[in-house]
Amino acid sequence: KKNEAWSARFSEPVSDLVKRYTASVFFDKRLAQVDIQGSLAHAEMLCFKEIINKTDYAEIVRGMAQISTEISANSFTWQLDLEDVHLNIEKRLTEIVGDAGKRLHTGRSRNDQVATDIRLYLRGAIDDILGLLSQFRLALLDLAEQQADTIMPGFTHMQVAQPITFGHHMLAYVEMFGRDAERMVDCRKRVNRLPLGAAALAGTTFPIDRERVAQTLGFEGICANSLDAVSDRDFAIEFCAASALIMTHISRMSEELVIWMSPRIGFIDIADRFCTGSSIMPQKKNPDVPELARGKTGRVNGHLIALLTLMKGQPLAYNKDNQEDKEPLFDTVDTITDTLRIFADMAGGITVKPEAMRAAALQGYATATDLADYLVKKGLPFRDAHEAVAHAVKTCVNKECDLSDLTLEELRVFSTLIDADIFEVLTLEGSVAARDHLGGTAPNQVRAAIARLRAQI
Ligand code: ARG
């Protein structure tokens, strides 16, 4: 069977293998509803400009309504022979309404049609992702608020560095996902432009009105150059780059969740509904969701590289290579959407164990910097204070005790500037409360930051 859409100039049918190789309908049918939306806007413009008549337009509207219902009801028959979503829908339209259906493609090509479809689809996906990012950030803010006073060790090099609060730690992620949302909003501006009207590559001989179609479809403007309109996929690459960063942030958080849930650390527990067991070890409860999210970061990074590589060698204008943009893009959307949804939910399923965090913060001389700062405030230059405290820490390491376990007399061996008020400074609470400025870990700063963020989201 020949493809009626283009095969009149062919003397033999395409081989079955080639048909299967070149077809995209089994993955691009996901564009069906936006394809219909784009076609209706195009047909409305053709009618307005009297390129087709009102009766034909009415028939197209009627046929498309039926097709849309059939697709939603899963009763539409997708045919591999018809190559892609566009030809499948157009063929069905002609079956339903006859010649009016054959007039729809006037002044249009699948090249500008598919570019329009992907943009409409991606715009919707971005809006969903923005909603999920907000939900996730709000869930993290709830967690931060509950744990604004909970002290844990802050790490550098995975070594205990200084005490921080768990709330403060969560706010670091709220910032990351906030930048991710900004990137998506910015990407959306370049997604939201209309390629339709570029036709195959050079424009069309019909007196079309592209601005009208852009307005109907809610695009912020048109793609200004017809060659660029049909061949540009920068917007898809930008989206995948922004998505790769989202997954990078998810993956960093996942790594922490996995470490924190290890019984050796025991800082948190994750609700059972996000974990799985072992088929052999009855005691196991594994943090599968964060582990899998960390793993899925690899596939999203891969999709970004796939798209960059897809585009790098393409001459202008449209090439069939572009059909390969869809699977990476769709899988990126699915992965990001599912991951954000599950993380927004999982944030509420994290139980914090303050005693374990506190015990860990009490090991590793987390308040050594506080002692050095104390000496500086009494007039000692910082480098000398650093040196004095290093000696104190060394003594404590040998005695296997904390700085706060030393007596005032023992402490004064390292500096006579030390007085009884030092013991308040050496407490974990004193340490976090002292970092009381914008962006600091003091509980009242964390609360103020939460309030500011809530007002933004
Ligand atoms: N299925 C094609 C794609 O996804 C649609 C455009 C095909 N255009 C063409 N001239 N073969 O890119």
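Calculation notes
Residues numbered from 1 in each chain as written. Predicted model: local features only at pLDDT ≥ 70, side-chain atom pairs only at ≥ 80, totals over all residues. Helix = DSSP H or I, 4+ residues; strand = E, 2+ residues; numbered from the N terminus. Rg over C-alpha atoms; globule rule 2.2 N^0.38 Å. Buried ≥ 20, exposed ≤ 12 C-beta atoms within 10 Å, placed from the backbone. Contact = placed C-beta atoms within 7 Å. Domains from an automatic or database assignment. Near = placed C-beta within 6 Å. UniProt positions renumbered as here; feature names shortened; annotations may be inferred. Pairing = 2+ DSSP bridges. Expected span 1.5 Å × (residues − 1). Axes fitted to C-alpha atoms, helices over the stretch in contact; angles between N-to-C directions. Parallel < 35°, antiparallel > 145°, perpendicular 65-115°, else oblique. Left-handed = near helix turned anticlockwise from the far one by under 90°. Core = buried A, V, L, I, M, F, W, Y, C linked by C-beta atoms within 7 Å. pLDDT = per-residue confidence, 0-100.

### Regarding the overall build of the protein chain
Within the protein chain, the regular secondary structure consists of 20 helices and 6 strands. Here the protein chain has a C-alpha radius of gyration of 31 Å; the compact-globule value for 457 residues is 23 Å, and the former is much larger. With 457 residues in all, the protein chain has 41% of them scored as buried. In the protein chain, the proportion of contacts linking residues at least 24 apart, taken out of those at least 6 apart, comes to 76%.

### What to know about the domain arrangement of the protein chain
Split into domains, the protein chain comes out as domain 1 (21–106), domain 2 (111–147 + 163–207 + 218–354) and domain 3 (359–456). Its C-alpha centre places domain 1 at a distance of 70 Å from the equivalent point of domain 3.

### Structural notes on the environment of Phe343
Note on placement: Phe343 falls in helix H13 (residues 326–347). Taking the C-beta count within 10 Å as the criterion, Phe343 has 25 such neighbours and is therefore assigned buried. Sequence separation between Phe343 and Val185 is 158 residues, and the spatial gap between their C-alpha atoms is 21 Å.

### As for the site of the ligand
Residues in contact with the ligand, as listed here, are Ser24, Asp28, Asp84, Arg110, Asn111, Val114, Lys320, Asn322 and Gln323. Broken down by element, the shell around the ligand gets its largest block of residues, 3 residues, from helix H7 (residues 110–146). A domain-level breakdown of the shell around the ligand finds at least three residues from each of domain 1 (21–106) and domain 2 (111–147 + 163–207 + 218–354).

### A closer look at the UniProt feature "domain: Fumarate lyase N-terminal" (unreviewed entry) in the protein chain
Look at the UniProt record and you will see "domain: Fumarate lyase N-terminal" (unreviewed entry) annotated at residues 9–302. Taken as a whole, residues 9–302 contains 63% helix and 7% strand, while its terminal C-alpha atoms sit 39 Å from one another.

### Brief notes about the UniProt feature "domain: Argininosuccinate lyase C-terminal" (unreviewed entry) in the protein chain
As recorded in UniProt, the sites labelled "domain: Argininosuccinate lyase C-terminal" (unreviewed entry) are residues 365–433. Structurally, residues 365–433 comprises 62% helix and 0% strand, and the distance from its first C-alpha atom to its last is 17 Å.

### Looking at the pairing of strand S2 (residues 159–165)
Bridge count between strand S1 (residues 151–156) and S2: 6 bridges; the pairing is antiparallel. Looking at S2, one finds that Ile151 is bridged to Thr165. Adjacent in sequence and paired antiparallel, S1 and S2 are bridged by 2 residues, among which His157 carries a positive phi angle near 55°.

### A closer look at the environment of Thr337
Inspection of the secondary structure assignment puts Thr337 in helix H13. In sequence terms Thr337 and Asn192 are 145 residues apart; their C-alpha atoms lie 20 Å from each other. Leaving out residues up to four positions away in the same chain, Thr337 has contacts with Asp128, Ile129 and Leu132.

### Focus on H13
Its 22 residues place the ends of H13 31 Å apart at the C-alpha level, agreeing with the 32 Å of an ideal helix rising 1.5 Å per residue. Taken together, the buried positions of H13 are occupied by Lys326, Pro328, Leu329, Thr332, Val333, Thr335, Ile336, Thr339, Leu340, Phe343, Met346 and Ala347. On its buried face, H13 is in contact with helix H2 (25–28), H7, helix H11 (234–261), strand S5 (268–270), helix H12 (288–312) and strand S6 (350–352).

### A look at the packing of H12 against H13
Helix-helix packing: each pair is described by the crossing angle between the helix axes and the interaxial distance. Interaxial distance between H12 and H13 falls to 10 Å at its minimum, and their mutual angle equals 155°. Relative to H13, the element H12 lies roughly antiparallel. Seen from above, H12 lies across H13 with left-handed handedness. On H13, the residues touching Val289, Ala293, Lys296, Arg299, Val300, His303, Ala306 and Leu307 of H12 are Pro328, Asp331, Thr332, Thr335, Ile336, Thr339, Ile342 and Met346.

### Some points on the nonpolar core
With 119 residues, the main nonpolar core has Leu122, Phe136, Leu140, Ala144, Ala236 and Leu371 as its most contacted residues. The biggest single contributor to this core is H7, with 17 residues. Ignoring anything within four residues of it in the chain, the contact list for Leu140 reads Met170, Tyr173, Val174 and Ala347.

### Describing unusual backbone geometry
The step from Leu316 to Ala317 runs through a cis peptide bond, and the omega angle for that step is 0°. Among the secondary structure elements, Ala317 is positioned in the loop between H12 and H13. Notably, Met158 is not glycine yet its phi reads approximately 65°, a positive angle. As for its position among the elements, Met158 is in the loop between S1 and S2.

### Thoughts on the confidence of the model for the protein chain
Detailed conclusions should not be drawn from predicted coordinates in areas where pLDDT is low. Scored by pLDDT, the protein chain comes out at a mean of 96, with 100% of its residues at no less than 70. Prediction confidence for the complex, expressed as pTM and ipTM, is 0.95 and 0.96 respectively.

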